[in-house]
Amino acid sequence: MSENLSNPGTFVEPVFGRLLTAMVTPFAKDGSVDEKQVADLANYLVENGHDGLVVCGTTGEYSTMTDDENERVFQIVKDTVGSRAKIIAGVGSNDTAHTIELAHRAEKIGVDGLLVVTPYYNKPTQPGVYAHFATVAQATETPVMLYDIPGRAGIPIAPETYRRLAEIDSIVAVKDAKADFGAATEVMATTDLHYYSGDDGLTLPWMAMGAVGLVSVTAHVAPALFRALIDAVVAQDLVEAQRLHLELTPIVRATMGRAPGCVAAKEILSWQGVLDEPVVRLPHVLSEPEVAQAMRVDLLSSSIAHTLKNS
């Protein structure tokens, strides 16, 4: 549902809240899921201003985890912060039947929403994209957030497909990571879907044109700044929102412009003392020394430099 920025008091309350992070999945040194750190990180994020958590999405490395591991992480996060924040389970796959299986597992746990990505690698037609999302949505009663990311999926969700999908009651929101403002404007003007920015550095322009909030990776490491930015937009304080947008630039670059988001977020969280160690699963590897150094330079030039240990 698009938001009217011109008239005070017209902001709608978004279905999943405004500030959500696509949470990394902490692993132990041996590569297993570190259940204590999963719970600790979920607590940390919610205590630092998050309205919700997207669990086992791309940043959560779900594609290298077993279904049982994904389900266990859903359960831990739900048990830990489910009374204080919305929990959206990443259940996307390029196999519709597999997506439905994961959706059913998440639904039994009682998550608040399902993140379903466009089928990747297969590159279906738009009727196929519609059929995939519609079949998943009709197989569950849990609200669905569509995830539009052609950089990974190879195809976008077309505006006409969005309009058809918006007619399905359980499809309520979109995480948009394709930055096609024209196409998104068409959809927001003609549907009640709640749009979330899927690009950390574009949060201000997205919200200015009608998005309700953000699903972020960088908010792992700068939660207070993103909370302040979103609150400034809702308060219609454009000057403050612009200031925060610019202040976040080196932090977004460090987290999203140097290495894959899950790698960078884990490395920075370890520098901040939030995670014990930045363990990722293949095919991801930790940053090369020169990349890690560039990330630290970005962060040391930013307003969160004081959060880094041994800086």
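Up top is the structure.
Residues numbered from 1 in each chain as written. Predicted model: local features only at pLDDT ≥ 70, side-chain atom pairs only at ≥ 80, totals over all residues. Heavy atoms only, no water.

## So, the pairing of strand 3 (residues 86-90)
Part 1 of the argument: Extensive coverage of strand 3 is indicated by the burial of four of its five residues.
Part 2 of the argument: Bridge count for strand 2 (residues 52-55) against strand 3 is four bridges, and the pairing is parallel. Considered in strand 3, the bridge of V54 is made with I88.
Part 3 of the argument: Each parallel crossover has a hand, and for strand 2 linked through helix 2 (residues 67-81) to strand 3 it is right-handed.
Part 4 of the argument: Summarising the sheet, strand 3 and strand 4 (residues 113-117) pair through three bridges and their orientation is parallel. Looking at strand 4, one finds that A89 is bridged to L114.
Part 5 of the argument: Since strand 3 and strand 4 lie parallel, the crossover through helix 3 (residues 96-109) that links them has a hand, and here it is right-handed. (Buried < 20%, exposed > 50% of the residue type's maximum accessible area, 1.4 Å probe, protein only. Helix = DSSP H or I, 4+ residues; strand = E, 2+ residues; numbered from the N terminus. Pairing = 2+ DSSP bridges. Right-handed = clockwise from strand over helix to strand, strands pointing away.)

## Focus on the pattern of salt bridges
Part 1 of the argument: For the structure shown, the criterion picks out 18 salt bridges.
Part 2 of the argument: D40 is the partner of K36 in a salt bridge, and the nearest nitrogen-oxygen pair spans 2.6 Å. Highlighted residues: K36 and D40, both in helix 1 (residues 35-47), separated by four residues, approximately one helical turn.
Part 3 of the argument: With a shortest N-O distance of 2.8 Å, E71 and R105 are connected by a salt bridge. Remark: R105 occurs in helix 3 and E71 occurs in helix 2; sequence separation between them is 34 residues.
Part 4 of the argument: In this structure E71 comes out as partly exposed when scored by relative accessible area, which is 28%. (Salt bridge = Lys/Arg side-chain N within 4 Å of Asp/Glu carboxyl O.)

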